Amino acid sequence: MTQTKQRSMVIDIIKGIAIILVVAGHSGNPDINKYFYWFHMPIFFLVSGYLFKSSNSLSSLKDQLRKIVSKLLIPYFTFLTIITAIRYLYLVSNSEINISQIPKDAALTFFGGTFFPSQYYVVMWFITCMIFTQVIFALFLTLIKNRITIGVLIFVMYLIAHIESTISMTHKLYIPWAADVALISVFYFAIGYFVKTRIDYIKTLPVKLFGVITLLLSVILVVADRYQYISYNLDLRGRTYNHIFLDFLIPVIFTTSILLLGSISANIPILRTILSEFGKTSLIIMYLHVPIKLIIENFYHSNSVVITLGLLIPYVLSKVFLERVPSMSFLFLGVQSVSIYRKNKVA
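Residues numbered from 1 in each chain as written. Predicted model: local features only at pLDDT ≥ 70, side-chain atom pairs only at ≥ 80, totals over all residues. Heavy atoms only, no water.

J.: I would appreciate a short explanation of the packing of helix 6 (residues 125-144) against helix 7 (residues 147-168) in the present structure.
T.: When two helices pack together, their arrangement is given by the angle between their axes and by how far apart the axes lie. Helix 7 packs onto helix 6 with a crossing angle of 150° between their chain directions and a minimal axis gap of 10 Å. In this view, helix 6 runs roughly antiparallel relative to helix 7, as classed from their interaxial angle. The hand of the helix 6/helix 7 crossing is right-handed. Of the residues in helix 7, those touching helix 6 at Ile136, Phe137, Phe140, Leu141 and Ile144 are Thr149, Ile150, Leu153, Ile154 and Met157. Residue composition of the contact of helix 6 with helix 7, by class: nine nonpolar, one polar and no charged. (Axes fitted to C-alpha atoms, helices over the stretch in contact; angles between N-to-C directions. Helix = DSSP H or I, 4+ residues; strand = E, 2+ residues; numbered from the N terminus. Parallel < 35°, antiparallel > 145°, perpendicular 65-115°, else oblique. Left-handed = near helix turned anticlockwise from the far one by under 90°. Contact = heavy atoms within 4.5 Å. Nonpolar A, V, L, I, M, F, W, Y, C, P; charged D, E, K, R; others polar.)

Laid out in structure tokens, this is it:
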């Protein structure tokens, strides 16, 4: 296996680990949710930044922006429509529908972000935020070019995000499509991108030793929080980011730990296969695991069942149906064919 293929597999494995943590984090177990939230969404922005390819001119920038928007928005509206239909079927079947509230409900659903009127849509903010993040970063790279200036601008956005987080503690802020979360997500995205540009230098470092150290630090941070030596919370969707230093340090430490685990898993055939397959279908799992959870919980309460089916049902649906039918690949994956999909994975 070439180094490029090995690196691509490790990325898929990391995404597989991350999506499992996302599903587990939404399973309703408060003991694990807090710690998964420390890094399980930042890691997707870090990885997406690492995979991001910059444009070299305004003409290529226009094409890149068009691809970013179409690749993400088409599946977004497809899944939004289907999830809304499922939700309304449930409301009607339980006689919980209020006709007079439908226009308001539709408006809240359209504007998304923190507007969404139901838990069915709890992960949808990520997609629109990712669009804003990629568009902002692409514009910076093409129009500004100077990396120091870009870094300063992104850090200023990072500071503004923390100011907004403080304001949101006492004032309700309704920003459509979670556009404001891009103020902090572009920071993580940029870290991933600029790490890639320094990959040759990073290869000269004792990466495994560094990974072991960050894994130990991750354990120490969790223990310190459990015993109240520190008190830390991070929730991008909820705009909970209140520590300028730790909001950078902790997600990076945990992501580096996941990188070590991914590298180890790449050498274990069964783990390599399972995790990389989940990583390749992570976007479909992202969309569907919460509606699946809510439906299952109407009949049976078990975190392990919710997590297992939240992973397996979207995976099987993607492999058996969505990736095999061209029209479905376009509507649900935002591409014309699965080969393009696998080259342009986002989550």
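Once the structure has been displayed, the description carries forward.
J.: I would appreciate a short explanation of the confidence of the model for the protein chain in the present structure.
T.: Close reading of the predicted structure is inappropriate where its pLDDT is low. Averaged over all residues, the pLDDT of the protein chain equals 88, while 92% of them reach at least 70. Per-element mean pLDDT across the protein chain ranges from 50 in helix 16 (residues 338-343) up to 96 in helix 7. (pLDDT = per-residue confidence, 0-100.)

J.: Teacher, can you tell me more about the nonpolar core here?
T.: Burial of nonpolar side chains together is a common tendency in soluble globular proteins. Phe44, Trp125, Phe126, Phe137 and Leu236 are the most contacted members of the largest nonpolar core, which totals 95 residues. Among the elements that line this core, the one with the most residues is helix 1 (residues 3-25), at twelve residues. (Core = buried A, V, L, I, M, F, W, Y, C linked by side-chain atoms within 4.5 Å. Buried < 20%, exposed > 50% of the residue type's maximum accessible area, 1.4 Å probe, protein only.)

J.: Even after reading the chapter, I still don't get the packing of aromatic side chains, so can you show me in this structure?
T.: The relation between two aromatic rings is expressed through the spacing of the ring centres and the mutual angle of the planes. A complete count under the given rule lists 28 aromatic pairs for this structure. Taking 5.2 Å as the distance between ring centres and 75° as the angle between the ring planes, the aromatic pair formed by Phe79 and Phe332 counts as edge-to-face. In this pair, Phe79 sits in helix 4 (residues 58-93) while Phe332 sits in helix 15 (residues 326-333), placing the two residues 253 residues apart along the sequence. For Phe79, a relative accessible area of 2% corresponds to the buried category. Considering the side-chain rings of Tyr193 and Phe194, the 5.3 Å spacing of their centres and the 80° angle between planes classify their relative orientation as edge-to-face. A relative accessible area of 7% means that Tyr193 is categorised as buried. Three or more aromatic residues joined by ring pairs form one cluster here, namely Tyr35, Trp38, Phe39, Tyr232 and Phe254. (Phe/Tyr/Trp six-rings, centres within 6.5 Å; stacked < 30°, edge-to-face > 60°.)

J.: Even after reading the chapter, I still don't get the pattern of salt bridges, so can you show me in this structure?
T.: A side chain with one charge may pair with a side chain of the opposite charge, provided their charged atoms come close. One pass over the full model with this rule turns up ten salt bridges. Between Asp225 and Lys34 there is a salt bridge whose closest N-O contact spans 2.7 Å. Placement of Asp225 in helix 10 (residues 207-226) and of Lys34 in helix 2 (residues 30-37) is noted, with a sequence separation of 191 residues between them. With relative accessibility at 6%, the residue Asp225 sits in the buried group. Given a relative accessible area of 25%, Lys34 falls into the partly exposed group. The shortest N-O distance in the salt bridge between Asp63 and Lys67 comes to 3.3 Å. Of this pair, Asp63 and Lys67 both sit in helix 4, separated by four residues, roughly a single helical turn. On the accessibility criterion, Lys67 (46% relative accessible area) is partly exposed. Taken together, the shared-partner salt bridges connect Glu277, Lys280, Lys319 and Glu323 into one network. (Salt bridge = Lys/Arg side-chain N within 4 Å of Asp/Glu carboxyl O.)

J.: Explain helix 15 to me, please; I cannot follow it from the model alone.
T.: Residues that lie three or four places apart on an α-helix share one face, since the helix turns once every 3.6 residues. Buried within helix 15 are the following residues: Met328, Ser329, Phe332 and Leu333. For helix 15, the angular spread of the buried residues around the axis is 105°, confining them to a single face. Of the residues one or two after helix 15, Gly334 is the one with positive phi, at around 75°. (Arc of directions from axis to C-beta.)

J.: I would appreciate a short explanation of a nonpolar patch on the surface in the present structure.
T.: The grouping of Leu215, Leu261, Ile264, Ile268, Ile270, Leu271 and Ile274 at the surface amounts to a nonpolar patch, some 540 Å² of accessible area in total. Sorting the residues of the nonpolar patch by element identifies helix 11 (246-265) and helix 12 (269-280) as the ones contributing at least two each. Of the residues forming the nonpolar patch, the biggest block, three residues, is contributed by helix 12. Position of Ile270 among the secondary structure elements: in helix 12. (Patch = residues over 30% accessible without salt bridge, like charges linked within 9 Å, V, L, I, M, F, W, Y side chains within 5 Å. Areas by Shrake-Rupley, 256 points an atom, 1.4 Å probe, with all protein chains shown as cover.)

J.: Even after reading the chapter, I still don't get unusual backbone geometry, so can you show me in this structure?
T.: Backbone phi values are negative for most residues with the exception of glycine, while trans is the configuration of most peptide bonds. Even without being glycine, Gln228 reaches a positive phi, approximately 65°. You can call Gln228 exposed: its relative accessible area is 72%. Its identity is not glycine, yet Arg239 carries a phi of approximately 55°, on the positive side. In this fold, Arg239 is placed in the loop between strand 1 (234-235) and strand 2 (240-241). Judged by relative accessible area, which is 7%, Arg239 ranks as buried.

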